[in-house]
Amino acid sequence: MPGTTPDPSRTPAPARRPHEGARAARAVPAQRAPSATAVGDDVEVRRSARRRRTVTAYRESGRTIVLIPAAFSPAEERRWVAQMVAKLQTREERRRRSLGGDGELMSRARALSEAHLDGVPQPASVRWVDNQQRRWGSCTPADRTIRLSSRLRTMPEYVVDYVLVHELAHLIEPSHDARFWALVARYPRAERARGFLEGVELANAAGDGAATGDDLVD
């Protein structure tokens, strides 16, 4: 009625459009994941017109890469990024627990030596290290010590086992000659693991040009 003040309790509030205030985020190639799922992680979202429904996440050069369909809305992007980062972290934590510390790594190396190298190589120590950014593993035959890059903790266990067998073989044959590679080939998944690591190195090299296939293991 004219002159009547509308009752606020009966007047619907204007609906917010779901995409308001979020369009700018779509143009930003890198963003922070929500603090509830990935505090301090750098996350880069890559959109692909070829993708229709699938979402993939992986680590690359210290960042988390999330691949999503180009048609996703900003809200869908935020939801899927949070979900995939959390799933990736859960998987990596599970692997860290299964691989354990230096003691577990030594036990793993001894078991691999018995299973694939007739128990000949007997390392004096096997440990994780954080300072090997260009090599997955290294060893010193003179004192029978083996070191594995902590970067391997996020990778499949068969890849970790391959690097261990590689280093154990060096305790028998220090060079990369035909005898050495014959020893490494006793590990049934050697070729698959090597291909996995080469793929990781190629991806990293494309990002910063710092690595080559020769830097995989020493």
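Residues numbered from 1 in each chain as written. Predicted model: local features only at pLDDT ≥ 70, side-chain atom pairs only at ≥ 80, totals over all residues. Heavy atoms only, no water.

Enquirer: Can you help me understand the pairing of strand β6 (residues 137-140) in this one?
Expert: Looking along a regular strand, one sees the side chains alternate between the two faces of the sheet. Pairing of β6 with strand β7 (residues 145-149), which is carried by 4 bridges, proceeds in the antiparallel orientation. For glycine 137, the partnering residue across the bridge sits in β7 and is leucine 148. Hairpin connection from β6 to β7: 4 residues lie between these consecutive antiparallel strands, with arginine 144 at a positive phi of about 60 degrees. (Pairing = 2+ DSSP bridges. Helix = DSSP H or I, 4+ residues; strand = E, 2+ residues; numbered from the N terminus.)

Enquirer: What's the story with unusual backbone geometry in this structure? I'm lost.
Expert: Working note: non-glycine residues mostly have negative phi, and peptide bonds are mostly trans. One non-glycine residue with positive phi stands out, namely aspartate 118, at about 60 degrees. Looking at the secondary structure, you find aspartate 118 in the loop between α3 (102-116) and β5 (125-129). Phi at arginine 144 takes a positive value of approximately 60 degrees, unusual for a residue other than glycine. When you line up the elements, arginine 144 lands in the loop between β6 and β7. We classify arginine 144 as partly exposed; its relative accessible area is 41%. (Buried < 20%, exposed > 50% of the residue type's maximum accessible area, 1.4 Å probe, protein only.)

Enquirer: Honestly, the nonpolar core in this entry has me stumped. Any pointers?
Expert: Taken as a class, soluble globular proteins show a tendency for nonpolar side chains to be buried jointly. Judged by nonpolar contacts, the single largest core of 29 residues is most densely connected at Leu148, Leu152, Tyr162, Leu164 and Leu197. Of all elements in the fold, only α3, β5, β7, α4 (157-170), α5 (178-184) and α6 (190-208) reach the threshold of two or more residues within this core. Considering every element that reaches this core, the biggest residue donor is α4, with 9 residues. By size, the runner-up hydrophobic cluster in this structure holds 10 residues, among which are Val66, Val81, Met84 and Val85. (Core = buried A, V, L, I, M, F, W, Y, C linked by side-chain atoms within 4.5 Å.)

Enquirer: It is not clear to me how α3 should be interpreted in this structure. Could you clarify?
Expert: For the α-helix, the turn length of 3.6 residues means that residues three or four positions removed from each other point alike. Counted at 1.5 Å a residue, the expected span for α3 with its 15 residues is 21 Å, and the 21 Å between its end C-alpha atoms agrees. Within α3, burial applies to Leu105, Met106, Arg108, Ala109, Leu112, Ser113 and His116. When α3 is viewed along its axis, its buried side chains cluster within an angular range of 160 degrees and face the same direction. With respect to the buried face of α3, the exposed residues turned more than 90 degrees away are Glu114 and Ala115. Two residues or fewer after α3 comes aspartate 118, characterised by a positive phi angle close to 60 degrees. (Expected span 1.5 Å × (residues − 1). Arc of directions from axis to C-beta.)

Enquirer: Where do I start with the pattern of salt bridges in this structure?
Expert: Between side chains of opposite charge, a pair can form as their charged atoms come close. Tallied over the entire structure, the rule returns 7 salt bridges. Between arginine 47 and glutamate 77 there is a salt bridge whose closest N-O contact spans 2.6 Å. Of this pair, arginine 47 sits in strand β2 (residues 42-48) while glutamate 77 is found in helix α2 (residues 74-99), placing the two residues 30 residues apart along the sequence. Arginine 108 is paired through a salt bridge with aspartate 161; the nearest N and O atoms lie 2.6 Å apart. You can see arginine 108 sitting in helix α3 and its partner aspartate 161 sitting in helix α4, a full 53 residues away along the chain. Neither residue differs from the other here; arginine 108 and aspartate 161 are each classed as buried. Overlapping salt bridges bring together Arg108, Glu157 and Asp161 as one network. (Salt bridge = Lys/Arg side-chain N within 4 Å of Asp/Glu carboxyl O.)

Enquirer: Mind showing me how you'd approach the packing of aromatic side chains here?
Expert: Two descriptors summarise a pair of aromatic rings, namely the distance from one centre to the other and the angle between the planes of the rings. Inspection of the entire model under this criterion finds 3 aromatic pairs. Consider the rings of phenylalanine 72 and tryptophan 80, whose centres lie 6.4 Å apart with planes at 25 degrees: the pair is stacked. With a relative accessible area of 9%, phenylalanine 72 lands in the buried category. With a centroid separation of 4.9 Å and 75 degrees between ring planes, the pair formed by phenylalanine 180 and tryptophan 181 is classed as edge-to-face. The exposure class of phenylalanine 180 is buried, given its relative accessible area of 0%. Residue classification places tryptophan 181 among the partly exposed positions, given a relative accessible area of 30%. (Phe/Tyr/Trp six-rings, centres within 6.5 Å; stacked < 30°, edge-to-face > 60°.)

Enquirer: Sorry, what's going on with α4 here?
Expert: Relative to the 20 Å expected for 14 residues at 1.5 Å per residue, α4 spans 20 Å between its end C-alpha atoms, a close match to the ideal helical length. Most of α4 sits out of view: 13 of its 14 residues are buried.

Enquirer: Would you explain the sheet that holds β6 in this entry?
Expert: By way of backbone hydrogen bonds, the strands of a sheet pair with one another, either parallel or antiparallel. Here 3 strands make up an open sheet; going across it, the order is β5-β7-β6 and the pairing mixed. Edge positions in the open sheet fall to β5 and β6, since each of these has one partner strand only. When the angles between neighbouring strand axes are averaged without regard to direction, this sheet yields 20 degrees. Note: β5 against β7, 5 bridges, orientation parallel. Note on β7: the bridge partner recorded for tryptophan 128 is leucine 148. Each of β5 and β7 touches α3; the most contacted strand, β5, lies at about 130 degrees to it. (Axes fitted to C-alpha atoms, helices over the stretch in contact; angles between N-to-C directions. Contact = heavy atoms within 4.5 Å.)

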